2 protein chains.
Amino acid sequence: MGMTIKEIAKLAGVSKSTVSRVINDAEHVSDKARKKVQQVIEETGYIPNSIAKDLKRNSTNSIGVIVPRINTSTISSAVEGISNIMYDNGYNLLLTNTRLDIKEEIKYLELLKEKRVSGILFFATELTSKHLETLNKIDLPVVVLGQDISEIVDFPCVIHDDFNSAKDIAKYLVKQGHQRIAYIGVQEYDIAVGQLRKKGYAEALTENNLEVPEEYLYKGDFSINSGYEGMKEIIESSRQLPTAVFAVTDSLALGAIKYLKERDYQVPEDISVVGIGNSDISSWITPELTTVDYDHLKAGEEASKILLKYITGDKFKGKLLMDYHIIERESVKKI
Amino acid sequence: MGMTIKEIAKLAGVSKSTVSRVINDAEHVSDKARKKVQQVIEETGYIPNSIAKDLKRNSTNSIGVIVPRINTSTISSAVEGISNIMYDNGYNLLLTNTRLDIKEEIKYLELLKEKRVSGILFFATELTSKHLETLNKIDLPVVVLGQDISEIVDFPCVIHDDFNSAKDIAKYLVKQGHQRIAYIGVQEYDIAVGQLRKKGYAEALTENNLEVPEEYLYKGDFSINSGYEGMKEIIESSRQLPTAVFAVTDSLALGAIKYLKERDYQVPEDISVVGIGNSDISSWITPELTTVDYDHLKAGEEASKILLKYITGDKFKGKLLMDYHIIERESVKKI
DNA sequence: GTGAAAGCGCTAACAC
DNA sequence: GTGTTAGCGCTTTCAC
C-alpha cells in the first residue's frame, strides 16, 4: 500500500515534478512522458495523498457541518441540500453531531478549525456567551442556520420566517372564524420555534382582539408525544373547549390529532388543528394537515451558496429569510 | 491568521519540540516551560494544524461514509448511530452523498482513499462489477450496510434480516386467518427490499398452500405515493378483493392506507395492512400500523464497532444479521 | 519540457 | 528537560 509520487516517478523514469504535472493536468508535459506516467499510475493503482497536497496548498476542500442531531427530517433535508451544492463545487462535508449537547458545539468549532476546513455551516440551537467568544475568534467563514443571531455576531444567518409564518397561519385560523385558539409550543430557550412562533401567534390574536385563557397554552418538547400530552392537558383543563389548535410544529400537530381521535373528537369538525413545517407525513395523515411549508432543502442550498461566496471573500450581510407559504388542506373547518 | 508551532515556540522562548510536547500532553516538560507555552497559546488563540499532524503520522482520524441520500429516516438514523460510536472513539465523519447515482459511489470510494480515511462505511444499493473491482483494490477497511454482498466480496456486511422478517409477518397474517394477501413491493434491483422481502412473503404463502393471483402483486418505488397507487391498482383490478395487504415498507403501507380511507374501506375491518420498518410515524397514524421493527440506529452502531475492530486488524467475517421483531398494533384484523 | 530543491506545519528520534 | 534535525508526500519556483 501507500505508493508515493516518488515511487511513481522512479517507475516511469521521470521526476516527481513531471508526475505532479500529469496528476494535475498541468501543461508543459510531453505526450510521451504523460502517457508513460499515466500507464504506471494505472498499473500500480496509485492514488495521490491529498493530505500532503492540502498541507502544501494550505487549504482543504472540506466544509464543516455542525448539527444537533442528524436523524430529523428538518436537518437531514437541509444537509441533503448542502451536499447538493457543496459537491457540485468540489467540496466535501465533515459532519459533526453534537447530540444536543451545547458544549460539544464549541469543541467541534475548534476541531473543524484544526482540520482547516474552508468554512462552517452551523445549525444553531441555543447560543451562550462562550459560543459567541469561540465564534468570534474562530477566524473562518461561518454561516448560521436556524437561529437569527445576526444582531449579536457578525455572521450571515439563514432562517425561516418563523414570526411571520406563525402569525399568518394564526390569522388564517381567525379568518376561518375561530375565536378560541389554543397553543401547543416548545420551551423558549429555542428562539426560532419557542419564542418567534409564539410571538406570531400571540400578535395575530391580539390584533384581532382575541384573548387567550391560560389553560389554552401548553409548552413541551419537540416530540410527537408532547403534542399528544399538550392536547390532553388543554382538553382536560379547559372549561370551554377551543375550536382550533395552533401547534408550532407538524409533529406536535400530529400528536394532538392523535389524542383528539382517541377521544372521539372529529378533526376538523369538532376541533381544527394546524402545524408548521409541511413535513413528509403531513399530507398523508387523515385529515391532511393544514400547515406552513418550509423548504429545508432549499435553506441548506442557500446557506451553502452564501458560504461559498463568503469563502471567496464576498460576505453576505445580515440574515436571509426563507420564503414560506400556507398549505391549506383538510384540518381546518370554516365556522 | 495561521499561527504555527514555530511562532509559538519563538514567543514562548522554547523550541518547537517543547511546544509539540505541551500540545500533546507529553512528558519531559518542566512546569515552567509548560506554563509559559500554555499562556502563549491562550493569548494567541493558536490552534494546531491537524493536516500537518496527519501527514506526519500517516493516518487521519476520519471515517468515510457513503450514503445514497441523507434525508431518509432509515439512513439518517443509521448515521446518527454511526456518529455516536465514532465520536466516542475519536473519529470524525467525512460524509459523501451519491444522490442515488451509482457511478458516484466509485468516485467517492476513490475520493475517500485520497483523503486517507481510516475506514469506510458504505451504504450499498446496487452493486456492479465496476464496484467490486474498485472495492477490491481500495485497500482500506470497508463495512457494507444494507445489502448482503459478503458472498461476492470479502468485506463484513451489516444487514437487516429481510427474508425472515418478511416471512414472519406474512405468516402472522396467515395466522390471523387471512388467505388472500396482496403484495406492494419495489423493483428487484434492490436485493434486500425488492427480492428478499418478496421471497419471504412468497415462501410464507406457499408453505401455507396459499396462491397469489397476478392482480395482487404490485411493484413501485419507495415513495408513499407508490403505496397509494399500488393499493389503487390492486383494488381496481381484483375480481375478488384481498383481505390483507403486505407492504414491504411502512411508507408503502401508509400510502395504501391513505387510498383505502379515501375509498371508504375500513382498516382493518375491511382490509388489513402491514408494513416493515417501524418508522416514527407508524405508531401515530390511525389505525396504528402493525409492522416489523428494524433498529437502524443500532445497525449504524454495530457497523461502526465492526469497522473500528477491522481498523485495528480484527476483521469480522461474513455478515451480521440484525435482530427484528413484529410489533402488533391495530392494522390487522383477526378473521 | 524537465528536474532539483525548498518548504508547507508538524512529530519523533537523537544528542546534549 | 530541551533543542536540533530529518523527514511525512506533495507543489512550485527556478534553472537549464
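Before reading further, recall that the structure is shown in the block above.
Just so it is clear, the model here is predicted, and its values are computed rather than measured. (Residues numbered from 1 in each chain as written. Chains lettered and ligands numbered in written order. Predicted model: local features only at pLDDT ≥ 70, side-chain atom pairs only at ≥ 80, totals over all residues. Heavy atoms only, no water.)

**Here's the deal with the protein's contact with DNA strand D**
Logical step 1: Looking at DNA strand D, there are 23 residues lining it, with Ile5(A), Tyr46(A), Ser17(B), Arg21(B) and Ser30(B) nearest.
Logical step 2: Across the atoms of DNA strand D situated within 4 Å of the protein, the share located in sugar and phosphate is 57%.
Logical step 3: The backbone of Ile5(A) places a nitrogen or oxygen atom 2.3 Å from a phosphate oxygen of DNA strand D.
Logical step 4: Measuring from a phosphate oxygen of DNA strand D, one finds a backbone N or O atom of Asn49(A) at 3.0 Å.
Logical step 5: Elements with a contribution of two residues or more to the surface near DNA strand D: helix H2 (16-23) and helix H4 (50-57) of chain A together with helix H2 (16-23) and helix H4 (50-57) of chain B.
Logical step 6: Classifying every residue of the surface near DNA strand D by side-chain character gives 8 nonpolar, 10 polar and 5 charged. (Near = heavy atom within 4 Å. Polar contact = N/O pair within 3.5 Å; in protein donor to acceptor, adjacent residues only side chain to side chain. Helix = DSSP H or I, 4+ residues; strand = E, 2+ residues; numbered from the N terminus. Nonpolar A, V, L, I, M, F, W, Y, C, P; charged D, E, K, R; others polar.)

**Digging into the packing of helix H10 (residues 224-237) of chain A against helix H11 (residues 250-262) of chain A**
Residues and elements named next belong to chain A.
Logical step 1: Contact pair H10 / H11: the axes reach a minimum separation of 6 Å and the direction vectors enclose 50 degrees. Considered as vectors, H10 and H11 are oriented oblique to each other. Seen along the crossing, H10 lies across H11 with a hand that is right-handed. Of H11, the residues touching H10 (which contributes Ile224, Ser226, Gly227, Tyr228, Met231, Lys232, Ile235 and Glu236) are Ser251, Leu252, Leu254, Gly255, Ala256, Lys258, Tyr259, Leu260 and Glu262.
Logical step 2: Tallied by class, residues from the contact of H10 with H11 come to 9 nonpolar, 4 polar and 4 charged. (Axes fitted to C-alpha atoms, helices over the stretch in contact; angles between N-to-C directions. Parallel < 35°, antiparallel > 145°, perpendicular 65-115°, else oblique. Left-handed = near helix turned anticlockwise from the far one by under 90°. Contact = heavy atoms within 4.5 Å.)

**Focus on the protein's contact with DNA strand C**
Logical step 1: The environment of DNA strand C is formed by 24 residues, the closest being Arg21(A), Ser30(A), Ile5(B), Ser20(B) and Tyr46(B).
Logical step 2: Protein-proximal atoms of DNA strand C, defined as those within 4 Å of the protein, fall in sugar or phosphate at a share of 58%.
Logical step 3: Ser15(A) places a polar main-chain atom, nitrogen or oxygen, 2.9 Å from a phosphate oxygen of DNA strand C.
Logical step 4: Here Asn24(B) contributes a side-chain N or O atom positioned 3.1 Å from a phosphate oxygen of DNA strand C.
Logical step 5: Within the residue set of the surface near DNA strand C, elements represented by two or more residues are H2 and H4 of chain A together with H2 and H4 of chain B.

**Looking at the relation of the copies chain A and chain B**
Logical step 1: Rotating chain A by 180 degrees and translating it 0.1 Å along the rotation axis places it on chain B, where the RMSD comes to 0.1 Å. Expressed as a symmetry operation, the mapping of one chain copy onto the other fits a two-fold axis. When C-alpha positions in chain A are compared against the rotation axis, the closest is assigned to Leu94(A), at 2.3 Å.
Logical step 2: With an isologous cut-off of 70% or more, the 100% of interface residues of chain A that recur at the interface of chain B puts this contact in the isologous class. (Least-squares fit on C-alpha atoms with pLDDT ≥ 70 in both.)

**Thoughts on the sheet that holds strand S6 (residues 181-186) of chain A**
Residues and elements named next belong to chain A.
Logical step 1: Spatially, S7-S6-S8-S9 is the arrangement adopted by the 4 strands of the open sheet, whose pairing is parallel. Both edges of this open sheet fall to strand S7 (217-220) and strand S9 (272-274), since each of them pairs with a single strand only. Direction aside, neighbouring strands of the sheet carry axes that sit 15 degrees apart on average.
Logical step 2: As judged from the 4 bridges shared by S6 and S7, these two strands associate in the parallel manner. (Pairing = 2+ DSSP bridges.)

**Details of the layout of surface pockets**
Logical step 1: Of the volumes computed, that of the second largest pocket is approximately 1600 Å³.
Logical step 2: Contributing to the lining of the second largest pocket are 48 residues, with Tyr46(A), Ile47(A), Pro48(A), Asn49(A) and Arg116(B) lying nearest its centre.
Logical step 3: Counted by class, the lining of the second largest pocket contains 17 nonpolar, 15 polar and 16 charged residues. (1 Å grid on protein atoms, 1.4 Å probe; cavity = no way out; pocket = protein on both sides within 12 Å on 5 of 7 lines; lining within 4 Å. Points joined across faces, edges and corners; volume = space filled by probe spheres on them.)

**Points about the environment of Phe122(A)**
Residues and elements named next belong to chain A.
Logical step 1: The topology assignment puts Phe122 in strand S3 (residues 119-123).
Logical step 2: A relative accessible area of 0% means that Phe122 is categorised as buried.
Logical step 3: Phe122 has contacts with Ile66, Glu105, Leu127, His131, Leu135, Val142, Val143, Val144 and Leu145, leaving out every residue within four places of it along the chain. (Buried < 20%, exposed > 50% of the residue type's maximum accessible area, 1.4 Å probe, protein only.)

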